[in-house]
Amino acid sequence: MKKLVVFFLLLISTATVISQTLKSPEQFLGYKVGSDYKIADYETIQQYFKHLAENSDKIIYREIGKTSLNRNMFMAILSSSENLKNLDKYKQIISELSDPRKISDDVAHKLAQEGKVVVLVTCNIHSTEIASAQMSMELAYKLITGTAPQKVNESLNNIIFLLIPSLNPDGTSMVVDWYNKYVNTEYDGSPMPWLYHYYAGHDNNRDWFMFNLPETKNVAKIAFKEFLPQVWLDEHQMGSTGARLFVMPYKDPVNPNVHPLNWRWQKVLGGLQCLDLQEQGFKGVIDNAYYEGWWEGAAHNGMWHNQIALLSEMASCNVASPIYIDPSEVKATNEITTYDIRTNYPDPWRGGWWRLRDIVDYELALTYSLLQSTAKYKTRLLYDYYSMCKDAVEKGKTESPYAFVIPRDQHDPVTTSKMIEILQLGGVEVNYSDKEFKIDNITYPANSYIIYLAQPNGRYVKDLFEEQDYPDLRTSRTQTPIRPYDVAGWTLPYMMGVKFFTIEKPFSLETKSLDNPNYQSGFVENSSGKYFIAPAGLNVNSTLINKLQKENIPVYWTTEKISTNSKEFMQGSVVVSASEKSKSFLETIAKELHLKIYSVENVDVSKLKELKKVRLGIYNSYSANMDEGWTRLLLENYGFEFKRLENKDFKNKRLKDIVDVIIIPDMEPEIIKTGKFSGGRARFYRPKPPEYEGGIEKEGVENLKTFVEKDGGYIITIGNACNFAIEDLGVHVNNILKNVKSDNFYCPGSLLKMIVDNTQPLGYGLENEIIGYQNSNIAFATTVPFGQYDRSIVVRYPTKNILKSGFLNGEDYLYQRGAAVDVKQKKGHVVLLGFKPQNRHQTFGTFKLLFNAIHMAGMN
């Protein structure tokens, strides 16, 4: 009895010490999480999680990589202290369950009993959706102190909980700084004049199969390589006047390559969340609405990796400022009016005040429910995870396609290997053969990648390689086409310009497994020739050109085919005169860029044009523009130097004193000119501080005309910015789709076939047929040239079978129309890129159109 008393006294004493050491969020911050007008920046959240980890054995603080702006990104690992001591053991169990080729069903059942389910919750990918990052502090504190509801506390015995408080640390602090600067002023609620992800803005949730952003790569390593969570909840916010909270399941259509068990579990876990919140009196919870489970690009990408990927979307306040919503302003969906009650929305929210703390309360309850449910169904979740992986392997053995073969040595071998690297980041197993081989009497070349579908992530591979056919969900073709939530088609090899073969029958082949992309070895041919030539066709040729220009080494383009040394070099091949300096430099850069550079004795110099370095500018509107951000990332990655041009720069009457080439990214003409939307959207405009107001204005338009017509400058317009060039700069081209309604023409982010004239500088290095990404109503009709005006349609649509992947209504509008046009306008040029050749840094197969448009301005 005395021993028992001593034990309890010791326990109480220990708890007292912990409580005195471990601060609650309110003690640490000086205010309650979710208080009106109060939000913590990323650094504060980070320091709080370090504090928790220093004072508790139920949480591990772990940095997982750097952000775009070089912050340390972190996650917290929460579980019982005993589970955390044995973390490696439980990770090993998950690893074994993830590969059914190595264990039997009986072993899997035992591992499912023994293991702990891994749950990943990611917060605040969109930085203005700030509540989940704030909530994460209170959630972690309550879990490790046992002050959450009892069943939730007990759940830590059965789960390994991975919590990432912010998927965009840079943006979290940006938003907090901006909000604090203008809260309770006339600019309270005004949008930031820059992207809250330095490159991607809101599009940082569009990168989850391409892994261009460091933040995405950091999480991919955790999700698809190391911890392999069975359940992944990504917590978002949405608009203010609809339902209070969206939970799973998604609405139709759903992707056919996701395992049916995944859809069922989404419905079960989402349904339990709805039930738990209803029991606690939370109103306005909706499911089966708004969002669809069709597209690969968002953080719900885990669905294709046999992970039960969940999405939640909370109604927003004004960052941390409360808002009052009149009952007449509440409308859950287009189909549901204010007072409708539906099976997916049985308890509507009727309006009133809405605060940050409301969102925190909903998200705490939502996350508690998930932890409690996953712990309860731990064994089933683990075994069903194994089952989904097993079914993926079995389908790869018994159903077509069985494999994909991707020759490395093709038009752009470096981009081909880049595609393999991207797949490997997503956990795909890749094999390789350095010998020629036959399958079903067809010979495939040596140096080919082979991707077998009989692997746990086989459905992920299938989804990325097959053509998407977005279902037409209209009940009648007279109805307006139903818009996908984002893009309709994303076939990876099409976007990257990579050829591949689909193997439709089982086969046996000796190959070796790759743990890297196996890029080709770069070299400079050892010869005494007078010139070095890098063949046209590779994206990294532009990096080579930029690096040569930076070293002041003269560099040339071939303007005609050149045959020499029994090799043929197409237009746009890169030529450098041989010298000790150039050879030494090229030997280094060839290895870095994986380039093959050849030595030739003689070149017809009449077929060469020197490329002078151009001064490049990109328009940086204060209406923060994601296309501008992605374009910057692309230019940086390929070695282009550039200046960001702000509105004030266009007041310079001689823009040619600043730059030679100006890129205007995809944006509406009125945004360029005035900084505001036109039409119905104009009345929702929120004023910004004066220094961030406006566009280039009439003065800027006139100066741009002078830049082109009198000073010989180049303007490159992308997507909807082409309408600005046509309407305001007087370019002699028509956009034949400008006033066509979506009932007649509709292309929601799809991949289309295009024909290229690659004898012209804009088309150099491209194949005759390419696949481009289109999501705008833009197609060009040109006119017969006259006087000082001329035009070249370099990329056009064919006369049939235009759609390659996605959805296209009104294909006949595109027949033979221009997709990319080089317009000579007096002394200068305006290049109209009617589709986005650099879209989200994903369309590697068409990058060269943008690169060529820049380089050709320096042709001498």
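Further up the page is the structure itself.
Just so it is clear, the structure is predicted and the values come from calculations on it, not from any experiment. Within each chain, residue numbers correspond to sequence positions counted from 1 in written order. Selection of residues for local features in this predicted model requires a pLDDT of at least 70, selection of side-chain atom pairs for listing and counting requires 80 or more, and totals for whole chains, interfaces and linings are taken over all residues. The side-chain quantities take in all heavy atoms of the structure and omit both hydrogens and water.

Trainee: Is there a simple way to think about the sheet that holds strand 17 (residues 448-452) in this case?
Mentor: Each strand in a sheet pairs with its neighbour through backbone hydrogen bonds, running either in the same direction (parallel) or in the opposite one (antiparallel). Any two strands with at least two DSSP-identified bridges between them are counted as paired. Comment: elements are numbered from the N terminus, with helices defined as DSSP H or I runs of at least four residues and strands as E runs of at least two. Strands sit in the order 18-13-17-14-19 across an open sheet of 5 strands; the sheet is antiparallel. Across the chains shown, the open sheet's two edge strands, defined by having one partner strand only, are strand 18 (501-503) and strand 19 (512-514). Across the sheet, the axes of successive neighbouring strands diverge by a mean angle of 35 degrees, strand direction being ignored. Judged from the 3 bridges that link them, strand 13 (residues 403-407) and strand 18 form a sheet pairing that is antiparallel. Counterpart to Val-405 in the pairing with strand 18 is Phe-501. Across the sheet, helix 15 (residues 458-465) lies against strand 13 and strand 17, angled at about 55 degrees from strand 13, the strand it touches most. Here an angle of 0 to 180 degrees is reported between the N-to-C directions of two axes, which are lines fitted to C-alpha atoms, with helices fitted over the stretch in contact. Residue contacts follow a heavy-atom distance rule, with two residues in contact if any of their heavy atoms lie within 4.5 Å.

Trainee: Looking at this structure, I do not really get the packing of aromatic side chains. What am I missing?
Mentor: Aromatic ring pairs are defined here through the distance separating the ring centres and the angle between the ring planes. Each aromatic pair joins two rings of Phe, Tyr and Trp (for Trp, the six-membered one) with centres within 6.5 Å, and gets the label stacked for planes under 30 degrees apart, edge-to-face for over 60, and tilted for any other angle. Counted according to the given criterion, the structure contains 47 aromatic pairs. Consider the rings of Trp-294 and Tyr-470, whose centres lie 5.3 Å apart with planes at 90 degrees: the pair is edge-to-face. On the criterion of sequence distance, the pair formed by Trp-294 in the loop between strand 9 (292-293) and strand 10 (308-315) and Tyr-470 in the loop between helix 15 and helix 16 (492-496) is long-range, its members being 176 residues apart. The exposure class assigned to Tyr-470 is buried, which follows from its relative accessible area of 3%. Remark: a charge is flagged as sitting over a ring if the NZ atom of Lys or the CZ atom of Arg is within 6 Å of the ring centre and within 35 degrees of the ring normal. Here Lys-91 stacks its cationic end above the ring of Phe-227, 4.7 Å away from the centre of that ring. Arg-244 extends its terminal NZ or CZ atom over the ring of Trp-354, reaching a point 4.6 Å from the ring centre. Relative accessibility under 20% of the residue-type maximum defines a buried residue, over 50% an exposed one, and the middle range a partly exposed one, all with a 1.4 Å probe and only protein chains included.

Trainee: Quick question: what am I supposed to make of the pattern of salt bridges here?
Mentor: Charged atoms that come close allow side chains of opposite charge to pair. A pair is scored as a salt bridge if a Lys or Arg side-chain nitrogen falls within 4 Å of a carboxyl oxygen belonging to Asp or Glu. Enumeration according to the criterion identifies 44 salt bridges in this entry. The residue Lys-91 makes a salt bridge to Glu-226 at a minimum N-O spacing of 2.6 Å. Taken together, the residues span a long stretch of sequence, with Lys-91 in helix 5 (residues 87-97) and Glu-226 in helix 10 (residues 214-226) at a distance of 135 residues. Measuring nitrogen to oxygen at the nearest pair gives 3.0 Å for the salt bridge that ties Asp-728 to Lys-673.

Trainee: In this structure, what is going on with helix 14 (residues 413-425)? I would like to understand it.
Mentor: The α-helix advances 3.6 residues per turn, and as a result positions three or four apart in sequence lie on the same side. The span one expects for a helix is its residue count, reduced by one, times 1.5 Å. Its 13 residues give helix 14 an end-to-end C-alpha distance of 19 Å, which sits within 8% of 18 Å, the value for a rise of 1.5 Å per residue. Those residues of helix 14 lying buried are Pro-413, Val-414, Thr-415, Thr-416, Ser-417, Met-419, Ile-420, Ile-422, Leu-423, Gln-424 and Leu-425.

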